[in-house]
Each structure stands twice: as structure tokens, then as C-alpha cells.
Amino acid sequence: MAAPADAEVLVGLGSEHDLAVVEQATREAAGHGRALHLLHVFNWQAAFSADTVAAPRQQAEELITQAAQLAHRIEPDLTVNAEIVEGAMLPTLIRRSETAFLLAVGDSGMAGSGQGVPAETSAVQLAARAGCPLLVVRREPPPQGPVLVGVDGSPSSHLALRWALACAARRDTPLLAMRVAETDEDTDAVAEQLGEAMDRHAHHHPEVSTECRVVRGDPGKVLVDTSRSAQVVLVAARGDEPGRAILGAVAQSLLYHSPAPVVVVRGLAEVPLAGPGTRPNRDRRP
């Protein structure tokens, strides 16, 4: 299923911690020529446990207003829609993601926690079940390094590479494509495959400086370590891992441990990467 031409960048707002998500999602929406849709899911059950029922609702309205104002300050010409809906957050975001261009959420405090991360964490569940690519934003700003993408040769990793090239073009920054070879793989053959994949897609963005790198090791660990100097990292939801379910081990490792924002590319076999109002983002902000 392809996203409609008017599909929006959807932001799941839970608390003030997610204003960092709004900031980055606003730039993503402007760069793609898409509208921004701010969505806060209001839980009445939690509201009834508060001192007054009115207070949580007022806080929700203040949050959505604050987020909309922030988006307009960053991109004054951007179309911003804001909405409060009643229900449960996870099923609501999964349902709305089916018609979104990109879904952006916070990382639920995963990055730098140094602890085991439950599979029920919202960002993990959305990475596995969303109907569109997912951007997971960290609370700490990333360095101004390259865009990093993991490529394993699978069809889904080719789509991740396409997204990464467009991402690097918008940021006016280099792209680093990495392939982690298994111990029994011929690194020269793997490097040739990676180069061919880059040649297949890079002509769409000839202005992007690209580097292909092949290393041996554990794919998740290598990409997490490399992501420490990247401004954003992209990966397919499930690459060439036939034994995995709907979220691969590499995507999970990056979600749990990468300090950089992570884009999990999923949900769409083919998608136009830009709307009619696309413009490059040359300020090099994350």
C-alpha cells in the first residue's frame, strides 16, 4: 500500500518530553513538503484517578497548543493540524499510521537507560506494527555527523537506503551506508553488492556525498557503535532475517541502544518520498 499524496507527518504527543519530537518532526514535514499532524490521545481512565477530572484535560489542551506554537515558530509556513482524541494511545497510533507518511514519537526513555527494555514499550510496538515508517526521537540532541543507514541486501534495506539518501539530501550532509558481513562471507563480494545498491539509488540525489563501508562483526552492535557519531540512523524494520518476526534484531538493537534518532522504514513497499511542496533543509539541524 502506498501513502496518499496528502499523507501527513503524524506526531504522537504524550507529555512535554515529546516537544523534542515536535521539533524534529516539524523539520521532517517541511523537508518532505508534508503537513504536520499533532495527536494527543487522552485517557479518561487516568483522568478519573487525578485530583480533578478537569485538570488532565486542561493539561492535554495546553500541551497540544504548546506543540502547535512550537511547530509554527520553527516553520511559519507549514500546515499544522492539532487534535485530541479519546482512547488508548498504542492502538490509536497504529490505526492512524495506516494513512500517515511518517509517524514520530519519543523513545520512552530507552536511550541511555542501561536497562532491559520491555517489548511492550510503545516505541518498540510501533516499530513492529505501524503502517508507515517510524521516527523515534531521543531526548538529547544528536551530533552533527552523517546520516547512517544499515544495508543487508534485502529488498526492504533498499527502501531504507532510498529514504536515507533523501534524508541526507534534505540535511545537506554525507551518507554512510554500512554492511556488516558475517564471518563466512566474502567481504569483497559484499562490498561489491553494497556498491551496486548505492549506484542503483544514488543517482536520484547526485548532490549527496556517499561512503560505503563493509565491516565484520555483530550487525546490531556495529551499527549502534557507529550511530554514536551520526545525526540519524535508518534501518529496515526486518531485513534479511527469515527467522525473525515483524521486527528484526538489528532494528531492535538500534531502538534500544542507539543515542541517535532512529527511522525504522516499514509499512510501504514504495512511497513517494516528497510531497509537491518539498524543499531542501540546508540548516543542518537534526
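Residues numbered from 1 in each chain as written. Predicted model: local features only at pLDDT ≥ 70, side-chain atom pairs only at ≥ 80, totals over all residues. Heavy atoms only, no water.

- Under an unreviewed UniProt entry, the name given to the protein is Universal stress protein, and the source organism is Micromonospora profundi.

## Observations concerning the nonpolar core
Okay, so step 1: The biggest cluster of nonpolar side chains holds 52 residues, and the ones touching the most others in it are Val-11, Leu-36, Leu-38, Val-149, Leu-161, Leu-175 and Leu-234.
Okay, so step 2: Sorting elements by how many residues they give to this core places helix α6 (residues 155-171) first, with nine residues.
Okay, so step 3: In contact with Leu-234, not counting residues within four places along its chain, are Val-147, Leu-148, Val-149, Gly-150, Ala-160, Trp-163, Ala-164, Cys-167, Val-263 and Val-265.
Okay, so step 4: Core analysis: the next-biggest nonpolar cluster, separate from the first, contains 37 residues, Val-41, Val-136, Val-224 and Tyr-256 among them. (Core = buried A, V, L, I, M, F, W, Y, C linked by side-chain atoms within 4.5 Å. Buried < 20%, exposed > 50% of the residue type's maximum accessible area, 1.4 Å probe, protein only. Helix = DSSP H or I, 4+ residues; strand = E, 2+ residues; numbered from the N terminus. Contact = heavy atoms within 4.5 Å.)

## Here's the deal with the pattern of salt bridges
Okay, so step 1: Taken as a whole and assessed by the stated rule, the structure comprises ten salt bridges.
Okay, so step 2: In this structure, Glu-23 engages Arg-27 in a salt bridge whose closest nitrogen and oxygen atoms are separated by 3.2 Å. Placement of the pair is Glu-23 and Arg-27 together in helix α1 (residues 19-32), with a separation of four residues, close to one helical turn.
Okay, so step 3: Judged by relative accessible area, which is 33%, Glu-23 ranks as partly exposed. (Salt bridge = Lys/Arg side-chain N within 4 Å of Asp/Glu carboxyl O.)

## Considering the packing of aromatic side chains
Okay, so step 1: Tallied over the full model, the rule gives one aromatic pair.
Okay, so step 2: Across the ring face of Phe-42, the terminal group of Arg-57 is positioned such that the distance to the ring centre comes to 5.4 Å. (Phe/Tyr/Trp six-rings, centres within 6.5 Å; stacked < 30°, edge-to-face > 60°. Lys NZ or Arg CZ within 6 Å of the ring centre and 35° of its normal.)

## A closer look at helix α8 (residues 219-227)
One full turn of an α-helix is made of 3.6 residues, so residues set three or four places apart face in the same direction.
Okay, so step 1: The complete set of buried residues in α8 reads Gly-220, Val-222, Leu-223, Val-224, Thr-226 and Ser-227.
Okay, so step 2: Residues of α8 that are buried in the fold lie against β6 (147-150), β7 (175-181), β8 (210-216), β9 (232-236) and α9 (249-257).

## Describing the pairing of strand β1 (residues 9-13)
Okay, so step 1: Burial runs high along β1: five of the five residues are buried.
Okay, so step 2: Neither face of β1 is exposed, since Val-9, Val-11 and Leu-13 on one face and Leu-10 and Gly-12 on the opposite face are all buried.
Okay, so step 3: In the sheet, β1 pairs with strand β2 (residues 36-42) via five bridges, with the strands oriented parallel. Within β2, the position partnered with Leu-10 by the bridge is His-37. (Pairing = 2+ DSSP bridges.)

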